[in-house]
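Coordinate analysis (summary)
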Amino acid sequence: MNAKNEAFISVPCKCPICDRESRHRYVKSKLYTPVEIEGDQHVVSYKWESPIFEGIHPNYYHIWHCAFCNFCDEKEVFRGEDDSGGKLELIREKLLIASKAPKSFINRMGGTIDMEQEYVTLEAALCSHLQAIYIQKILTPNMRQYAKLGRLYLRTAWLYREKTAWDMPYGSAPVGYASYDEFFLKLAVEWPELPLDENVCIDSAIEFYREALDRSKRVDDARYEIGVTFLLADLHLRRERLDDAAICIRHVFQNATSKRQGTRTALDGGISRGKLNEKQIESMRSLITWLNNAIERSKLFSDKINNMIFEKEYPSAREKLLNVQGLTVKGILELLKTEGFHDVTCKRVAAMFSRKLLEKKGQQQPEEEIPPPTASEDELGGEDEGGGFLGSLFGRFKKS
Ligand SMILES: [Zn+2]
């Protein structure tokens, strides 16, 4: 037995669909600490308690698989800690029918998932995640669990990223296929929505998280809404939709600022009227601290987006101005705006020109007004676009 096996906890568990028992594994959480974490929570590297565990990928064990009926889901569902929002009966009914047909998608995909091999491979993890998504999508749109689908697509995006970024060998192929790529393409004939790369997964994650926010009954939960909106900003950034990312961040800033103000007022009023107990005071203070951090993080994020916009547009903005005679700050702003450059680029280029004017005039104050080179707080505090947050946030992101 390999020492690495000490990294796992193996438990017997009944399948919530077919009721048959098998053993499932997960990695002992006390053995590792995430070290490098990306903006969408993907862990790039871990620090392990002992080097013998290095090379294990805890995220490969996130989905459990029943080898009898090929049901795949998160371990909480197998353990009865998550009742799938009461939808499990519906899933059971449809899955048991599908699992009786040997050539059904469920059986073909499920047949390649080997969670009992010594270490779960990237391919097995990818197949188990795709199967879990397929099973969730058996439910009609109005019955779906949107936050869960968002999470499953996000985790699948991480797996595709790991496949590319770490240049991992794409495993031995399922029987009868030259590669997993070919296998997935064949399965996509039966299920055209099968996501074949990271970008498709990210777009679906955005779609389902957005739907989850729209439908959320937890609208008063600022932490949830802000957390998901930060995630959406990061995902838009990965897809190079800088404007959509900027809208998300502006919403975080405005939402957090207004929630902080409301909480402060309620806290001060409650204390002065003696209406709050210690626990309530503590919880409101902790929320204010959390919101302060969210506001700071939104400013940094906004600067990052603005820098990306500027870096992308500056070469062509410069090109536009090279042969223009008699430039003025106002003229630059107007010209670049007419040419469709982003506000950030217009202001920064104008500010660069102003500084040059200053140098030429021997540090005299120029006659023209200098726009601020960066104004993240002003930009963040700007008016929300029409149609409310969710309307503006996803106006450019068409529903499928
Ligand atoms: Zn089962």
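Residues numbered from 1 in each chain as written. Predicted model: local features only at pLDDT ≥ 70, side-chain atom pairs only at ≥ 80, totals over all residues.

1. Let's talk about the overall build of the protein chain
Using the following cut-off: Helical segments are the DSSP runs of H or I of at least four residues, strand segments are the runs of E of at least two, and each set is numbered from the N terminus. Neighbour counting defines burial: a residue surrounded by 20 or more other C-beta atoms within 10 Å of its own C-beta is buried, one with 12 or fewer is exposed, and intermediate counts give partly exposed, using backbone-placed C-beta atoms.
Check the secondary structure of the protein chain and you find 14 helices and 6 strands. Considering the protein chain as a whole, with its 400 residues, one finds that 31% of them fall into the buried category.

2. Side note on unusual backbone geometry
Backbone phi values are negative for most residues with the exception of glycine, while trans is the configuration of most peptide bonds. We note that Asp19 has phi near 70 degrees; this positive angle belongs to a residue other than glycine. Positionally, Asp19 belongs in the loop between strand 1 (8-14) and strand 2 (21-27).

3. Remarks on the nonpolar core
Within soluble globular proteins, side chains that are nonpolar generally end up buried alongside one another. For the record, the criterion: Note on terminology: a nonpolar core is a set of buried residues of type Ala, Val, Leu, Ile, Met, Phe, Trp, Tyr or Cys, with members joined through C-beta atoms within 7 Å.
Counting 74 residues, the largest nonpolar core has Tyr153, Ala205 and Ile249 as the members making the most contacts within it. Here this core takes 10 residues from helix 4 (residues 122-136), the largest share from any one element. Judged by nonpolar contacts, the second largest core, of 7 residues, contains Ile332, Cys346, Ala350 and Phe353.

4. Some remarks on the pairing of strand 3 (residues 32-37)
As a reminder, the rule being used: A pair of strands counts as paired when DSSP detects no fewer than two bridges linking them.
By the criterion of burial, strand 3 is predominantly exposed, with just 0 of the 6 residues buried. As judged from the 5 bridges shared by strand 3 and strand 4 (residues 43-48), these two strands associate in the antiparallel manner. From the neighbouring strand, Thr33 faces strand 4, where its bridge partner is Lys47. The hairpin turn running from strand 3 into strand 4, its antiparallel successor, is 5 residues long, and Gln41 in that turn takes a positive phi close to 75 degrees.

5. What to know about the environment of Arg285
Tracing the chain through its elements places Arg285 in helix 10 (residues 278-322). Accessibility expressed as a C-beta count within 10 Å gives 13 for Arg285, which makes it partly exposed.

6. A closer look at the environment of Phe53
Tracing the backbone through its elements, the reader meets Phe53 in the loop between strand 4 and strand 5 (63-65). Measuring from C-alpha to C-alpha, the distance between Phe53 and Ala7 comes to 6.8 Å, with 46 residues separating the pair along the chain.

7. Brief notes about the packing of helix 10 against helix 12 (residues 343-360)
In plain terms, the rule: To get an axis, a line is fitted to the C-alpha atoms, and for a helix only the part in contact is used. The angle between two axes follows their N-to-C directions and goes from 0 to 180 degrees. Angles are sorted into four bins: roughly parallel if under 35 degrees, roughly antiparallel if over 145, roughly perpendicular if 65 to 115, and oblique for all others. Crossings are assigned a handedness: left-handed for a near helix turned anticlockwise from the far helix by less than a right angle, right-handed for a clockwise turn. In this description, any two residues whose backbone-derived C-beta atoms lie within 7 Å of each other are considered to be in contact. Note that Gly is not counted as nonpolar here; it falls among the polar residues with everything else outside the nonpolar set of Ala, Val, Leu, Ile, Met, Phe, Trp, Tyr, Cys and Pro and the charged set of Asp, Glu, Lys and Arg.
For the pair helix 10 and helix 12, the least separation of the axes is 9 Å and the interaxial angle reads 65 degrees. Our classification of the angle between helix 10 and helix 12 gives roughly perpendicular. Of the two elements, helix 10 crosses helix 12, and the hand of that crossing is right-handed. Of the residues in helix 12, those in contact with Asn306, Ile309, Phe310, Glu313, Tyr314 and Ala317 of helix 10 are Val344, Thr345, Arg348 and Val349. When grouped by side-chain class, the residues that make up the contact of helix 10 with helix 12 number 6 nonpolar, 2 polar and 2 charged.

8. Side note on helix 4
Under the convention used in this document: A helix is expected to span 1.5 Å multiplied by its residue count minus one.
Its 15 residues give helix 4 an end-to-end C-alpha distance of 21 Å, which sits within 8% of 21 Å, the value for a rise of 1.5 Å per residue. Within helix 4, 15 of the 15 residues are buried, leaving the element largely enclosed by the surrounding structure.

9. Structural notes on the confidence of the model for the protein chain
For the record, the criterion: Values of pLDDT, which run from 0 to 100, indicate the predictor's confidence residue by residue.
Summarising the model, the protein chain shows a mean pLDDT of 87, and 88% of its residues fall at 70 or more. Low pLDDT (under 50) marks residues 382-400, which in the prediction has 22 contacts with non-local residues, meaning those over four places away or in another chain.

10. Quick word on the packing of helix 4 against helix 5 (residues 146-165)
At a minimum axis distance of 10 Å, the contact between helix 4 and helix 5 shows a crossing angle of 155 degrees. Taken together, the axes of helix 4 and helix 5 lie roughly antiparallel to each other. Handedness of the crossing formed by helix 4 with helix 5: left-handed. Contacts between helix 4 and helix 5 involve Leu122, Ala125, Leu126, His129, Leu130, Ala132, Ile133 and Gln136 from the first element and Lys148, Leu149, Leu152, Tyr153, Arg155, Thr156, Leu159, Glu162 and Lys163 from the second. Residues of the contact of helix 4 with helix 5, tallied by class, amount to 10 nonpolar, 3 polar and 4 charged.

11. Points about the pairing of strand 1
Where strand 1 lies against strand 2, 7 bridges are found, and the strand directions are antiparallel. In the strand pairing of strand 2, Cys13 is matched with Ser22.

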